[in-house]
Amino acid sequence: MLTYAIKRLFGAIPTLLILVTIAFFLIRLAPGGPFDDEREIPAEIKANLERVYHLDEPLIQQFGRYVLALAQGDFGPSFKYKDYTVTELIWGGFPVSLRIGGIAILLAIAIGAGLGTLAALRQNSRLDYTVMGFAMTGIAIPNFVMAPLLTLVLGVHLKLLPAGGWGGGAVRNMILPIVALALPHIAYISRLMRGSMVEVLRSNYIRTARAKGLPERLTILRHALRAALLPVVSYLGPATAGIITGSVVIEQIFGIPGIGRYFVQGALNRDYTLVLGVVVFYGVLIVLFNLLVDLLYGLLDPKVRYD
Amino acid sequence: MSASAIQPILRVRDLAVHFPVRVGGLFGRWKPLKAVDGVSFDIMAGETLGIVGESGCGKSTLGRAVLRLIPATAGQVVWLGDDLLTLEPDDMRRRRRDLQIVFQDPLAALDPRMTVGDIVAEPLVTFHPDLGGDEVRRRVRDMVAKVGLSPEMINRYPHEFSGGQCQRIGVARAMILRPKLIVCDEPVSALDVSIQAQIINLLMALQREFGLSLIFISHNLSVVRHISHRVLVLYLGRVAELAPRDELFARPRHPYTQALMAAAPVPDPRRERQKLRARLEGDPPSPLDPPSGCTFRTRCARATEVCATAMPGLETVGPDGAAAQHHVACYHWRDGFRNK
Ligand SMILES: Nc1ncnc2c1ncn2[C@@H]1O[C@H](COP(=O)(O)OP(=O)(O)OP(=O)(O)O)[C@@H](O)[C@H]1O
Ligand code: SF4
Ligand SMILES: [Mg+2]
């Protein structure tokens, strides 16, 4: 299994390289540059700056320089936050993003799997229809609509929770962004879970478990749950990607100092290195998570062999 | 088999299983599909009752309803004096120690995420939580050896075994609690012919050793003939004929039984004298929309007007001997048999 993991990690290098290439040239396609501020700066200072950051070199040379540095783990300096390297900015924002995103995904799994199982056990009951109705709504409403809606109702009108801001990581401040981030995934996972649970409950070995005289609760926990969780586990790969892209929007809306906000700001400011750094970081994160999912899959399904 | 002297351990009376099926699309109505419709029989201790019939005639449904693995619509299943169908779920669960089942698809019946040892041990641990781990392992190994597998195999997963081996695991799992009755739902249909014989012989050996009763479901007449003491012929969820094995195969009375035998590839000199038997043509009618009267009349060469009037009841063929245990549901059973 270890060799498998290592093999997979090396296999990810070309993927990341392609990612970097596309991102690098794509952001250069955008008009303007990091130093075209609204505030005019003298032409020679600008030229000086560009020389310091090698922006005067041919694009392909800049690309080579960037990839070489990247290979040594150097994300370069930020063009806008001039006293920081991109690495420092990412490590500064990551704990915040991780907290929001991690809790959101754990909530999504726990609540989604729970609701889905309940709906499956009470198939075609009112509870089932309610859960599935909620799920359809949750999937249909995008988070950039859900987030302002939540803020408006719970934050502005009812004044139950802060409408935005980080508050130094206070629980009150985290609730709305986490809920907004988790909702579509709760919805999706509960649908997924209901479907697979209904299927599993019909399978022969569940009938066997009942025939053995196992109490219903044990039949579900011991035999049905692990099998029914498989599709949810496969969904975790896309879900992480979804949480990451979601966090870009959510952090912006709620004003949370995470990586997602740096990404947006970086893109708006043409802070090339910052944007690229975040892209690479996200890429690595998704690769790692997909590997984790595959390893987890093996634990849940003895038929999976790593070789 | 002089089983008739003993009290039956299982008495099934007028058992019915109707599935609500939606007919006619989105706004259609629910219609009952009578998969099992008024079936009655007894089983003695140590006896094997074979159940035969074409695909879709309700054999599996009957077997599962008897064990209350699916809900019955009506009827009684009296097990050692208690009606299983009206027991509280917990009381029913306790009875499952004595009532086990072996399924047709041996691999699908085993949880793919459990080792064979855990699969076989689970009923034991459920019903004897006080047993120590060593004792559980010992009994599992004994049982696994008894069904002809090597005890070293218990740490492997089901997908590593062949179909025949999986069915042995299924039998070991069913046998570990020393049940009194096992429903075998086509336990060998998915297996190679040579493996079939091994599993059948295993079941018969276990039955001799432990004196258990079997309900043996199959669409294969020769297998049923080999293993059964008595045979029940099912057609569209109803009993067409029920008789001791030798009596049934020597003197089948129901046109459907006769047709089944004519269709079965069994070398049998007596078959020569049954040339007049009708061939079994076409598929059985839909159980959603069965013919009026005798449900077999659409395929019966002997059908007359009376057959369309009402469903014929079970009649006993003779006053004594095997004939007294021979029951048939046909208006014209006397006309059809010209063997004597
Ligand atoms: N859950 C269900 N819902 C609706 N109809 C069902 C259900 N289960 C079985 N049936 C129907 O009941 C009838 C009897 O099915 P059953 O599986 O008992 O037949 P069988 O004799 O075991 O057939 P086979 O030899 O193919 O196993 C069939 O027409 C089948 O379509
Ligand atoms: S009752 Fe009539 S239709 Fe039915 S089996 Fe007998 S002869 Fe055939
Ligand atoms: Mg069947």
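These numbers were taken from a predicted model, which means no experiment stands behind them. (Residues numbered from 1 in each chain as written. Chains lettered and ligands numbered in written order. Predicted model: local features only at pLDDT ≥ 70, side-chain atom pairs only at ≥ 80, totals over all residues. Heavy atoms only, no water.)

**Student:** How would you explain the overall build of chain A if you had to name every residue and give the values?
**Tutor:** Scanning chain A from N- to C-terminus turns up 11 helices and zero strands. Ordered by position from N to C terminus, the α and β elements of chain A give α-α-α-α-α-α-α-α-α-α-α. Principal axes of the C-alpha set define a box for chain A whose edges measure 85 × 55 × 30 Å. Pairs at least 24 apart in sequence give 72% of the contacts found in chain A among residues at least 6 apart. If you sum the accessible surface of chain A, you get close to 15,600 Å²; carbon and sulfur atoms cover 68% of it. One way to put it: in chain A the 27 positive side-chain charges average out to a point 17 Å from where the 19 negative ones average out. (Helix = DSSP H or I, 4+ residues; strand = E, 2+ residues; numbered from the N terminus. Contact = heavy atoms within 4.5 Å. Areas by Shrake-Rupley, 256 points an atom, 1.4 Å probe, with all protein chains shown as cover. Lys, Arg positive; Asp, Glu negative; His and termini not counted. Charge placed at Lys NZ, Arg CZ, Asp CG, Glu CD.)

**Student:** How would you sum up the overall build of chain B? Please name residues and give values.
**Tutor:** A count of helices and strands for chain B gives 10 helices and 12 strands. Computed over C-alpha atoms, the radius of gyration of chain B comes to 21 Å, within 12% of the 20 Å expected from 2.2 N^0.38 for 340 residues, which places it in the range of a compact globule. Principal-axis analysis of the C-alpha atoms places the extent of chain B at approximately 65 × 55 × 40 Å. In chain B, 65% of the contacts between residues at least 6 apart in sequence involve partners at least 24 apart. Approximately 15,100 Å² of chain B is accessible, and the part contributed by carbon and sulfur atoms is 50%. For chain B, the centre of its 44 positive side-chain charges and the centre of its 37 negative side-chain charges are spaced 3 Å apart. (Rg over C-alpha atoms; globule rule 2.2 N^0.38 Å.)

**Student:** Give a detailed account of unusual backbone geometry, specifying residues and quantitative values.
**Tutor:** Residue and element names in this part refer to chain B. Of note in this structure, Arg-178 is not a glycine but carries a positive phi near 50°. Counting through the fold element by element, Arg-178 comes out in the loop between α5 (163-175) and β7 (181-185). Non-glycine residue Glu-186 carries a positive phi angle of around 45°. Mapped onto the elements, Glu-186 comes out in the loop between β7 and α6 (193-210). Given a relative accessible area of 6%, Glu-186 falls into the buried group. (Buried < 20%, exposed > 50% of the residue type's maximum accessible area, 1.4 Å probe, protein only.)

**Student:** With reference to specific residues and values, describe the interface of chain B and chain A.
**Tutor:** Chain B puts 25 residues into the contact, and the matching count from chain A is 20 residues. Both sides together, the interface formed by chain B and chain A hides about 2,000 Å², and carbon and sulfur atoms give 59% of it. When residues of chain B are sorted by the area they lose upon contact with chain A, Arg-113, Glu-122 and His-159 of chain B head the list and together hold 32% of the total. For the interface between chain B and chain A, the tally reads two salt bridges. Among the salt bridges present, the one from Lys-212 of chain A reaches Glu-122 of chain B, with a minimum N-O distance of 2.9 Å. Our count for the contact surface shared by chain B and chain A stands at 12 residue pairs in polar contact (both at pLDDT 80 or more). Broken down by secondary-structure element, the contributors of at least two residues to the side of chain B that touches chain A are β6 (99-102) and α3 (116-127) of chain B. Here the residues of the side of chain B that touches chain A sort into 13 nonpolar, three polar and nine charged. (Buried area = accessible area lost by both parts, 1.4 Å probe. Salt bridge = Lys/Arg side-chain N within 4 Å of Asp/Glu carboxyl O. Polar contact = N/O pair within 3.5 Å; in protein donor to acceptor, adjacent residues only side chain to side chain. Nonpolar A, V, L, I, M, F, W, Y, C, P; charged D, E, K, R; others polar.)

**Student:** Quick one: what's the story with the domain arrangement of chain B, residue by residue and with numbers?
**Tutor:** Residue and element names in this part refer to chain B. Examined at the domain level, chain B breaks down into domain 1 (6-98 + 179-328) and domain 2 (99-178). Between the C-alpha centres of domain 1 and domain 2 there is a distance of 28 Å. In this assembly, 33 residues from domain 1 lie in contact with 22 residues from domain 2. Regarding the contact of domain 1 and domain 2, the summed buried area is about 2,400 Å², with carbon and sulfur atoms giving 69% of it. Our enumeration of links across domain 1 and domain 2 arrives at one salt bridge. Here domain 1 and domain 2 share 11 residue pairs in polar contact (both at pLDDT 80 or more) between them. Secondary-structure elements contributing two or more residues to the side of domain 1 that touches domain 2 are α2 (89-95), β7 and α6. Considering every element that reaches the side of domain 1 that touches domain 2, the biggest residue donor is α6, with eight residues. (Domains from an automatic or database assignment.)

**Student:** Explain α3 of chain B to me, and be specific about the residues and the numbers.
**Tutor:** Most of α3 of chain B sits inside the fold, with nine of its 12 residues counted as buried. Against α9 (216-254) of chain A together with α2, α4 (133-146) and α5 of chain B lie the buried residues of α3 of chain B.

**Student:** Please provide a residue-by-residue account of empty space enclosed by the protein, values included.
**Tutor:** Residue and element names in this part refer to chain B. For the structure on display, the rule yields five cavities of 30 Å³ or more. The volume enclosed by the second largest cavity comes to roughly 70 Å³. In terms of lining, the second largest cavity is formed by Pro-255, Cys-294, Phe-296, Arg-297, Cys-300, Cys-307, Pro-312, Cys-330, Tyr-331 and His-332. Here the residues of the lining of the second largest cavity are counted per class, giving eight nonpolar, one polar and one charged. (1 Å grid on protein atoms, 1.4 Å probe; cavity = no way out; pocket = protein on both sides within 12 Å on 5 of 7 lines; lining within 4 Å. Points joined across faces, edges and corners; volume = space filled by probe spheres on them.)

**Student:** Give a description of the nonpolar core that names residues and reports values.
**Tutor:** Ranked by internal contacts, the top residues of the largest apolar core, which has 59 residues, are Val-120, Val-140, Val-171, Ile-182, Leu-203, Phe-216 and Val-233 of chain B. Of the residues that make up this core, three or more belong to each of domain 1 (6-98 + 179-328) and domain 2 (99-178) of chain B. (Core = buried A, V, L, I, M, F, W, Y, C linked by side-chain atoms within 4.5 Å.)

**Student:** So what's going on with the pattern of salt bridges? Which residues, and what values?
**Tutor:** Residues and elements named next belong to chain B. A complete count under the given rule lists 25 salt bridges over all chains for this structure. In this structure, Arg-138 engages Asp-142 in a salt bridge whose closest nitrogen and oxygen atoms are separated by 3.0 Å. Placement of both Arg-138 and Asp-142 in helix α4 is noted, with a separation of four residues, approximately one turn of the helix. As a salt-bridge pair, Arg-334 and Glu-315 come within 3.8 Å of each other at their nearest N and O atoms. In this pair, Arg-334 is assigned in helix α10 (residues 333-336) and Glu-315 in strand β11 (residues 315-316), connecting sequence segments 19 residues apart. Judged by relative accessible area, Arg-334 falls into the exposed class, the value being 55%.

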